[in-house]
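If you want the building blocks of each chain, they are given just below.
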Amino acid sequence: MTRYYEPMNSDIFILIERIANMLRYESRNQGAQLGLLPVQQEALYYLSICNRYSDTLLAVTDYLGLTKGTVSQTLKVLETKGLIEKKKDSVDKRVTHLTATQAGLDYLAQTYPSVQFRDMVKGLSEQEHQRISSSLKTLLRHYQVSTGRKGFGVCQSCRYNQTTDSGFVCGLTQEPLGEQEIGLICREFVEKDKAT
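Residues numbered from 1 in each chain as written. Predicted model: local features only at pLDDT ≥ 70, side-chain atom pairs only at ≥ 80, totals over all residues. Heavy atoms only, no water.

Visitor: It is not clear to me how the packing of helix α3 (residues 57–64) against helix α4 (residues 68–80) should be interpreted in this structure. Could you clarify?
Guide: Helix packing for two helices is described by the angle between their axes and how far apart those axes are. Here α3 crosses α4 at 115°, and the two axes come no closer than 9 Å. Regarding the angle of α3 to α4, the classification is roughly perpendicular. Judged by the twist between their axes, the crossing of α3 over α4 is right-handed. Judged by residue contacts, L57, V60, T61 and L64 of α3 engage K68, V71, S72 and L75 from α4. Looking at the contact of α3 with α4 residue by residue, the classes come out as five nonpolar, two polar and one charged. (Axes fitted to C-alpha atoms, helices over the stretch in contact; angles between N-to-C directions. Helix = DSSP H or I, 4+ residues; strand = E, 2+ residues; numbered from the N terminus. Parallel < 35°, antiparallel > 145°, perpendicular 65-115°, else oblique. Left-handed = near helix turned anticlockwise from the far one by under 90°. Contact = heavy atoms within 4.5 Å. Nonpolar A, V, L, I, M, F, W, Y, C, P; charged D, E, K, R; others polar.)

Take a look at the structure:
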């Protein structure tokens, strides 16, 4: 069987896939020592970086690209282990918010990203770090557009994020945003330069 592909595209895929496998291997090993599966680690990590508009079962399902049943079971394990907690929304009691507990955050501090990855990144020059980061952001943006997947971008870079005299406001919900919140990711993210 003959394979047909462009060498550049193949190189990019192979490099990303290899890095992803190495990261998964390290995370899986560290997670196994603490009794978590990779999908449980990924869900916990997501809940540690998402904002209040994105901390629901449906948002975790969208982010991980898994079935609602799989994610529901994953979250039950995390809750049983005391790594996340559920809270009803103060306004809409039909909505349940999920947040990482201090124990969950402590677990992530030990495992996500792996010590090896952190050490590797520290070894990069500022210029290398910026170049790699910029290239990966561009690649991610193109990939999300081509697949139609949601952005899950950082609130501060979203077109809905508005600066007012009293702070920040989400233009979509008209709710105030705290300083910490604008650094978290949101499932409603739309790039500023995509505004029409």
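Visitor: Is there a simple way to think about the sheet that holds strand β5 (residues 167–170) in this case?
Guide: Neighbouring strands of a sheet are bound in pairs by backbone hydrogen bonds; such pairs are parallel or else antiparallel. Within the open sheet, the three strands sit side by side as β4-β5-β6. Their pairing is antiparallel. The open sheet has two edge strands with one neighbour each: β4 (161–164) and β6 (176–177). Across two bridges, the pairing between β5 and β6 is antiparallel. Its bridge partner being in β6, V169 is matched across the sheet by P176. (Pairing = 2+ DSSP bridges.)

Visitor: When you look at the environment of S114 in this model, what are you seeing that I'm missing?
Guide: By the element assignment, S114 lies in the loop between α5 (102–111) and α6 (115–122). The buried category is assigned to S114, whose relative accessible area is 2%. C-alpha of S114 to C-alpha of S27: the two residues are 87 residues apart in sequence and 6.3 Å apart in space. (Buried < 20%, exposed > 50% of the residue type's maximum accessible area, 1.4 Å probe, protein only.)

Visitor: What exactly am I supposed to notice about α5 here?
Guide: Residue pairs three or four apart in sequence face the same way in an α-helix, which turns once every 3.6 residues. Every buried residue of α5 is accounted for by G104, Y107, L108 and T111. Along the axis of α5, the buried residues cluster in a sector spanning 95°; they form a single face. (Arc of directions from axis to C-beta.)

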